[in-house]
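What follows is each chain in one-letter form.
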Amino acid sequence: MEGSELLNLRTKHKVTQESLAEYLGYFSQGVPNRSMIARMEKGYQKINFRHKVLIENYFKGLEDLQNANS
């Protein structure tokens, strides 16, 4: 997964960097660390396989929830 794909998924589903950081467990001083998500989106931080799977599952779950509510 490339950073641009992450950004597209996040904006498509109207997910904030903070909420995705919280889901992935990125915290700084007890607050979700959105800068890690920004680094991934800009290509400064590689998205490893574990994060790719977690991110895909997160957005798949959102899509399933939206489809169930339609």
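For the structure itself, look to the data block above.
Small disclaimer: the values here were computed from a predicted structure and weren't measured.

*Asks:* Describe the pattern of salt bridges, with residues and values.
*Replies:* For side chains of opposite charge, pairing can occur when their charged atoms come near one another. As enumerated under the stated definition, the model contains five salt bridges in all. The residue Glu 63 makes a salt bridge to Lys 12 at a minimum N-O spacing of 3.8 Å. Here the residue Glu 63 occupies a position in helix H4 (residues 49-68), and Lys 12 occupies one in helix H1 (residues 3-12), the gap between them amounting to 51 residues. Take Lys 12: its relative accessible area is 58%, and that puts it in the exposed class. As a salt-bridge pair, Asp 64 and Lys 60 come within 2.9 Å of each other at their nearest N and O atoms. Here Asp 64 pairs with Lys 60, and both are found in helix H4, just four residues apart, close to one helical turn.

*Asks:* Pulling in residues and values, what's your account of the packing of H1 against H4?
*Replies:* Working note: a packed helix pair is described by the angle between its axes plus the distance between those axes. Interaxial distance between H1 and H4 falls to 11 Å at its minimum, and their mutual angle equals 25°. Taken together, the axes of H1 and H4 are roughly parallel relative to one another. Read as a crossing pair, H1 and H4 show a hand that is left-handed. In this structure, H1 uses Leu 6, Leu 9, Arg 10 and Lys 12 to contact H4, whose residues at the interface are Ile 55, Phe 59 and Glu 63. Here the contact of H1 with H4 is built from residues that sort into four nonpolar, no polar and three charged.

About the thresholds
Residues numbered from 1 in each chain as written. Predicted model: local features only at pLDDT ≥ 70, side-chain atom pairs only at ≥ 80, totals over all residues. Heavy atoms only, no water. Salt bridge = Lys/Arg side-chain N within 4 Å of Asp/Glu carboxyl O. Helix = DSSP H or I, 4+ residues; strand = E, 2+ residues; numbered from the N terminus. Buried < 20%, exposed > 50% of the residue type's maximum accessible area, 1.4 Å probe, protein only. Axes fitted to C-alpha atoms, helices over the stretch in contact; angles between N-to-C directions. Parallel < 35°, antiparallel > 145°, perpendicular 65-115°, else oblique. Left-handed = near helix turned anticlockwise from the far one by under 90°. Contact = heavy atoms within 4.5 Å. Nonpolar A, V, L, I, M, F, W, Y, C, P; charged D, E, K, R; others polar.

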